Amino acid sequence: MNKCTDSDVQEMLPDLLHRALAEGERLRVEEHLATCESCQEDLDVLRTVKSAAVFAPSIDVDRVVRQIPPYRTIVPAVERPARTRVVSWLVAASLAIVVLGGGSVLLQSNGSPASNSPRYQQLPNRIAKAPEATKPGSTEPVVVPMAVVQPSIAPHPHALALAADADGLSDGSLVQLMNDMDGFDALPGSELDPVISVDSGDSL
Amino acid sequence: MTPSPEGRPQETDMELINRWRAGDGRAATRLVGRHSQALARFAASAGEREGIEELVQDTFVRAFASLDSFRGASTLRTWLFTIERRLMLDRRRAERRSRETVPVEETDHVSEYGALDGLIAEEAQERVRKSLDALSPTQREVFTLRVQQGLSYKEIAEVVGSTEGAARVHYHNAIKTVKEFLKDE
């Protein structure tokens, strides 16, 4: 017996059994079956399998239906209206903005009490004098008076950042500044301090 | 609506689902009556021997509980087969676990054998059952869904969680095995 090469027909054989083919397809398959022994054999096998379906118990429909809960008791927990979901998102977004905004305000306000302490109130005045040497047109080295930076007062570490902006200082001013810095107290520990706002520009 | 054999217009599954949603309990009875035997046959063909009625019942309970997720992209029957197949897999996993912890006793073999003898009455059924037992679980599912239930490859792929191409290959391998088995018998 020759093996069938028409895979389309082979695949349609179960549909022929279930009468699921369109008229044209059915005619084509039946025409093919008239001459193809292989497909005839396949169809016999399929008929045997279909008719000898493995025994299955009959199902008590009423018993099954009694176990099904009514629709109303299932639905509410499953889906919420789209509008409710949108409102929930808006509330969540608003809360997030309030929390983040409040957090930043708190962070800033945490820094401000320190800046009110007498120790820091003196800093801008004292350090503000050094950059005067950077003013354009000033050729004479400016000697910073000793009273400006008093070694007995420990400056905040961020105050040192001002010294980093000392490109325009003359050699003499730098030496003086460094000497003064030698007298500073040791820097605080590893814990970061809040940022100190220092006037830049006009006050310098 | 399609005409019933008696000439009355027969409601589609979607129409019955909508009626049930509207509170008509008889629609559920119609749906269960329409599909329960096919589910029972599929379970039996897939190798389930006991508790088929409970399996069908669980399938319907789950299906009705999540009916809102059924959009009608496939037929209701295909969707039900998919749910039933998952339940069968869960059940088999649970059985495997219990077999690993509880030793199988001799009486279990005897009762299983007796139950099988009772289930398969005809010689032809016995031969078909043996030939189906020679298939891999997936081949058996694909083959019975195609031959006994008349599902398309697309629907079968959906039920077994595979592709149409893979379903075709499983079907062709299965019919070859079954053919050889029945020829040798």
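Computed from a predicted model, the values in this text were never measured in an experiment.

**Structural notes on the overall build of chain B**
- The helix and strand inventory of chain B stands at nine helices and two strands.
- Across the 185 residues that make up chain B, the buried fraction comes to 44%.
- Look at the contacts in chain B between residues 6 or more apart in sequence, and 59% of them connect residues 24 or more apart.
- Surface summary for chain B: the accessible area is close to 9,600 Å², and the carbon and sulfur share equals 50%.

**Remarks on the overall build of chain A**
- Assigned secondary structure in chain A consists of nine helices and zero strands.
- Going from N to C terminus, chain A has its helices and strands arranged as α-α-α-α-α-α-α-α-α.
- Within the span of chain A, comprising 204 residues, buried residues form 27% of the whole.
- When the accessible surface of chain A is totalled, it reaches about 14,000 Å², and 57% of it is carbon and sulfur.

**Digging into the layout of surface pockets**
- Its volume calculated, the second largest pocket comes out at about 440 Å³.
- Those elements giving two or more residues to the lining of the second largest pocket turn out to be α1 (7-17) and α3 (37-51) of chain A together with α9 (164-184) of chain B.
- Broken down by element, the lining of the second largest pocket gets its largest block of residues, eight residues, from α9 of chain B.
- For the lining of the second largest pocket, a count of residues per class yields five nonpolar, five polar and seven charged.

**A word on a nonpolar patch on the surface**
All names here are of chain A.
- Side chains of Val87, Val91 and Leu95 sit close together on the surface and give an oily, nonpolar patch of about 260 Å² of accessible area.
- Structurally, Val91 is set in helix α6 (residues 82-116).
- Residue classification places Val91 among the partly exposed positions, given a relative accessible area of 44%.

**A closer look at the environment of Arg129 of chain B**
All names here are of chain B.
- Mapped onto the elements, Arg129 comes out in helix α6 (residues 123-133).
- By relative accessible area, which is 12% here, Arg129 ends up buried.
- Spatially, the C-alpha atom of Arg129 lies 10.0 Å from that of Val178, the residues being 49 residues apart in sequence.

**What about the packing of aromatic side chains?**
Residue and element names in this part refer to chain B.
- Per the counting criterion, the structure on display carries six aromatic pairs over all chains.
- Both rings, one in Phe60 and one in Phe64, keep their centres 6.4 Å apart while their planes meet at 40°; by these two values the pair is tilted. In this pair, Phe60 and Phe64 are both assigned in helix α3 (residues 52-65), four residues apart and thus about one turn of the helix distant. Each member of the pair, Phe60 as well as Phe64, is classed as buried.
- The structure contains a cluster of three or more aromatic residues connected by ring pairs, namely Trp20, Phe60 and Phe64.
- Here Arg146 stacks its cationic end above the ring of Tyr153, 4.7 Å away from the centre of that ring.

**Quick look at the state of the cysteines**
All names here are of chain A.
- Applying the stated criterion to the full structure yields zero disulfides over all chains.
- Its sulfur unpaired, Cys36 is 3.7 Å from the next cysteine sulfur, which belongs to Cys39.
- A relative accessible area of 10% places Cys36 in the buried class.
- No disulfide involves Cys39; its sulfur sits 3.5 Å from the nearest other cysteine sulfur, which is in Cys4.

**Considering the confidence of the model for chain B**
- With 82% of its residues at a pLDDT of at least 70, chain B reaches an overall mean of 83.
- Scored below 50 in pLDDT, residues 104-120 of chain B shows 10 contacts in the model against residues more than four places distant or in partner chains.

**Some thoughts on the confidence of the model for chain A**
Residues and elements named next belong to chain A.
- Scored by pLDDT, chain A has a mean of 68; 50% of the residues are at 70 or more.
- Per-residue pLDDT stays below 50 along residues 117-135; that stretch engages in 35 contacts with residues further than four places along the chain or on separate chains.
- Throughout residues 158-164 the model reports pLDDT below 50, and contacts reaching past four residues in sequence, or to other chains, amount to 10 contacts.

**Focus on the interface of chain A and chain B**
- Of the residues lining the interface, 35 residues belong to chain A; the matching set on chain B comes to 43 residues.
- In this assembly, chain A packs against chain B so that about 3,800 Å² is buried in total across both faces, 65% of it on carbon and sulfur atoms.
- Connecting chain A to chain B are six salt bridges.
- A salt bridge links Glu11 of chain A to Arg168 of chain B, with the nearest nitrogen and oxygen atoms 2.7 Å apart.

**A short note on the nonpolar core**
- By size, the foremost hydrophobic cluster in this structure holds 69 residues, and its most contacted members are Phe60, Phe64 and Phe143 of chain B.
- Of all the elements, helix α2 (residues 25-45) of chain B adds the most residues to this core, at 10 residues.
- If sequence neighbours within four positions are ignored, Phe60 of chain B has contacts with Val64 and Ile68 of chain A together with Leu31, Val32, His35, Ser36, Leu39 and Leu80 of chain B.

**A few points about the packing of α2 of chain B against α3 of chain B**
Residues and elements named next belong to chain B.
- At their nearest, the axes of α2 and α3 sit 9 Å apart, and the two run at 130° to each other. Compared by their axis directions, α2 and α3 come out oblique. The handedness of the crossing between α2 and α3 comes out as right-handed. Packed against α2, whose contacting residues are Ala28, Leu31, Val32, His35, Ser36, Leu39, Ala40, Ala43 and Ala44, the element α3 presents Ile52, Leu55, Val56, Thr59, Phe60 and Phe64 at the interface.
- Residues belonging to the contact of α2 with α3 are distributed by class as follows: 12 nonpolar, three polar and no charged.

Procedures and definitions
- Residues numbered from 1 in each chain as written.
- Chains lettered and ligands numbered in written order.
- Predicted model: local features only at pLDDT ≥ 70, side-chain atom pairs only at ≥ 80, totals over all residues.
- Heavy atoms only, no water.
- Helix = DSSP H or I, 4+ residues; strand = E, 2+ residues; numbered from the N terminus.
- Buried < 20%, exposed > 50% of the residue type's maximum accessible area, 1.4 Å probe, protein only.
- Contact = heavy atoms within 4.5 Å.
- Areas by Shrake-Rupley, 256 points an atom, 1.4 Å probe, with all protein chains shown as cover.
- 1 Å grid on protein atoms, 1.4 Å probe; cavity = no way out; pocket = protein on both sides within 12 Å on 5 of 7 lines; lining within 4 Å.
- Points joined across faces, edges and corners; volume = space filled by probe spheres on them.
- Nonpolar A, V, L, I, M, F, W, Y, C, P; charged D, E, K, R; others polar.
- Patch = residues over 30% accessible without salt bridge, like charges linked within 9 Å, V, L, I, M, F, W, Y side chains within 5 Å.
- Salt bridge = Lys/Arg side-chain N within 4 Å of Asp/Glu carboxyl O.
- Phe/Tyr/Trp six-rings, centres within 6.5 Å; stacked < 30°, edge-to-face > 60°.
- Lys NZ or Arg CZ within 6 Å of the ring centre and 35° of its normal.
- Disulfide = S-S within 2.5 Å.
- pLDDT = per-residue confidence, 0-100.
- Buried area = accessible area lost by both parts, 1.4 Å probe.
- Core = buried A, V, L, I, M, F, W, Y, C linked by side-chain atoms within 4.5 Å.
- Axes fitted to C-alpha atoms, helices over the stretch in contact; angles between N-to-C directions.
- Parallel < 35°, antiparallel > 145°, perpendicular 65-115°, else oblique.
- Left-handed = near helix turned anticlockwise from the far one by under 90°.

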